[in-house]
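Close look at the chain arrangement
Each chain is listed here by its residues.
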Amino acid sequence: MNGVDAKGRVSVPAFLRSVIERRGDSRTIVLAKHETFPCLSAYDPAYAALKHSKIERLLEKNEQEDGAQLAYQQSNLLAFAVSEETPYDSTGRILIPTMMRRKGGIADLALFLGVGETFQIWNPQTLLGDDRIPEDLKDVCRYRLEERGLA
């Protein structure tokens, strides 16, 4: 869990940066509104191409169903039109743009969670209040808050 300053700057944990750097030479993170949860989804630029391929395959699989084309267009819009690339510096600090902070409900603290090929950035209080989040993960969040003296 990291503090977010008034301008929206926050440090991305080293373990996440190392994954991004192994996948390519870009020191850039793509931020997008998560499709399901009230948080941000984040990934390296190379993953964006993979994400587009996944959306394309889903259309091919479901193209005979009513509404498949609309669902495809909506998925593309959410995946790419409501996203922003942000570089990070040598210390791992990024600037979360204002719109992305609003979309993810990010305020003064950001909880980073690795989730396979991507990671999520949460407002810890939002995570704790979400009934869909497993209690074990909420315990991790509570522990991170306690580490910062915010029980």
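Residues numbered from 1 in each chain as written. Predicted model: local features only at pLDDT ≥ 70, side-chain atom pairs only at ≥ 80, totals over all residues. Heavy atoms only, no water.

An unreviewed UniProt entry lists the chain under the name Transcriptional regulator MraZ, with Sphingomonas kaistensis as the source organism. Checking UniProt for the chain, the heading Subcellular location (unreviewed entry) contains the comment "Cytoplasm, Nucleoid". One UniProt comment on the chain, placed under Sequence similarities (unreviewed entry), says "Belongs to the MraZ family." (UniProt positions renumbered as here; feature names shortened; annotations may be inferred.)

As a further point, take the pairing of strand β8 (residues 118-122). Each regular strand shows side chains that alternate between the opposite faces of the sheet. Burial within β8 is extensive, with five of its five residues counted as buried. Residues Thr118, Gln120 and Trp122 of β8 are buried on one face, and the alternating residues Phe119 and Ile121, pointing to the opposite face, are buried as well. Bridge analysis of strand β4 (residues 40-43) against β8 gives three bridges, and the strand direction is antiparallel. Note on β8: the bridge partner recorded for serine 41 is glutamine 120. Where strand β7 (residues 109-115) meets β8, five bridges bridge the pair, whose relative direction is antiparallel. Among the inter-strand pairings, valine 115 is bridged to a residue of β8, identified as threonine 118. (Buried < 20%, exposed > 50% of the residue type's maximum accessible area, 1.4 Å probe, protein only. Helix = DSSP H or I, 4+ residues; strand = E, 2+ residues; numbered from the N terminus. Pairing = 2+ DSSP bridges.)

Once that is clear, we can look at the pairing of strand β3 (residues 28-33). Taking burial as the measure, the six residues of β3 include five buried ones, the bulk of the element. Sheet topology note: the β3/strand β5 (residues 83-87) ladder contains five bridges and is antiparallel. Looking across to β5, one finds that isoleucine 29 is bridged to threonine 86. Inspection of the sheet shows β3 paired to β4 by four bridges, in the antiparallel sense. Of the residues in β4, the one forming a bridge with alanine 32 is serine 41. The loop that links β3 with its antiparallel partner β4 comprises six residues.

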